[in-house]
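# Fold and contact review
Letter by letter, the chains look like this.
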Amino acid sequence: MVFSLFKKKKEQQQLKNRVEFCITNLSLGAADAYDELVERDDIEIEESGCTSHCEICEQSIFALVNGEVVTAEDAETLVQAIDEELKQNPLF
């Protein structure tokens, strides 16, 4: 059987802003922010074993928003900081 990439009509996928959380940082307090953001349709949430930002992880909670580090002291402030980053630098 031969497959052709040109015959299929692919559905357009909506671009979503990407927010990535370190699993260790989730256990340090970012989980509440994760729980709030996972409900949103405009964001694609990812969990990583490690984002290689250990120095930030030791000091505060954080997330990577479209590749940019966003930090905060608590989950509520982190959600606000993520929203602000998305307003200033949206993916689309």
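Residues numbered from 1 in each chain as written. Predicted model: local features only at pLDDT ≥ 70, side-chain atom pairs only at ≥ 80, totals over all residues. Heavy atoms only, no water.

As annotated in an unreviewed UniProt entry, the chain carries the name DUF1450 domain-containing protein and is attributed to Lysinibacillus fusiformis.

## Overview of the environment of C22
Mapping C22 onto the fold places it in strand 1 (residues 17–22). What makes C22 buried here is its relative accessible area of 4%. Beyond its immediate sequence surroundings of up to four residues, C22 is in contact with S48, G49, C50, T51, C57 and F62. (Helix = DSSP H or I, 4+ residues; strand = E, 2+ residues; numbered from the N terminus. Buried < 20%, exposed > 50% of the residue type's maximum accessible area, 1.4 Å probe, protein only. Contact = heavy atoms within 4.5 Å.)

## Digging into the side chain of T51
As for its position among the elements, T51 is in the loop between strand 2 (43–48) and helix 2 (54–59). The exposure class of T51 is buried, given its relative accessible area of 10%. Look past the residues within four positions of T51 in its chain and what remains in contact with it is E20, F21, C22, F62 and L64.

## Describing helix 3 (residues 75–88)
Over its 14 residues, helix 3 extends 20 Å from the first C-alpha to the last, a length consistent with the 20 Å expected when each residue adds 1.5 Å. Residues of helix 3 that are buried: A75, L78, V79, I82, E85 and L86. The arc that holds every buried residue of helix 3, seen down its axis, measures 125 degrees, which confines them to one face. Turned more than 90 degrees off the buried face of helix 3, the exposed positions are E76, K87 and Q88. Its buried side turned inward, helix 3 meets strand 1, helix 1 (23–37), strand 2, strand 3 (61–65) and strand 4 (68–72). The N-cap residue of helix 3 is D74: its side-chain oxygen and the backbone nitrogen of E76 are 3.2 Å apart. (Expected span 1.5 Å × (residues − 1). Arc of directions from axis to C-beta. Polar contact = N/O pair within 3.5 Å; in protein donor to acceptor, adjacent residues only side chain to side chain.)

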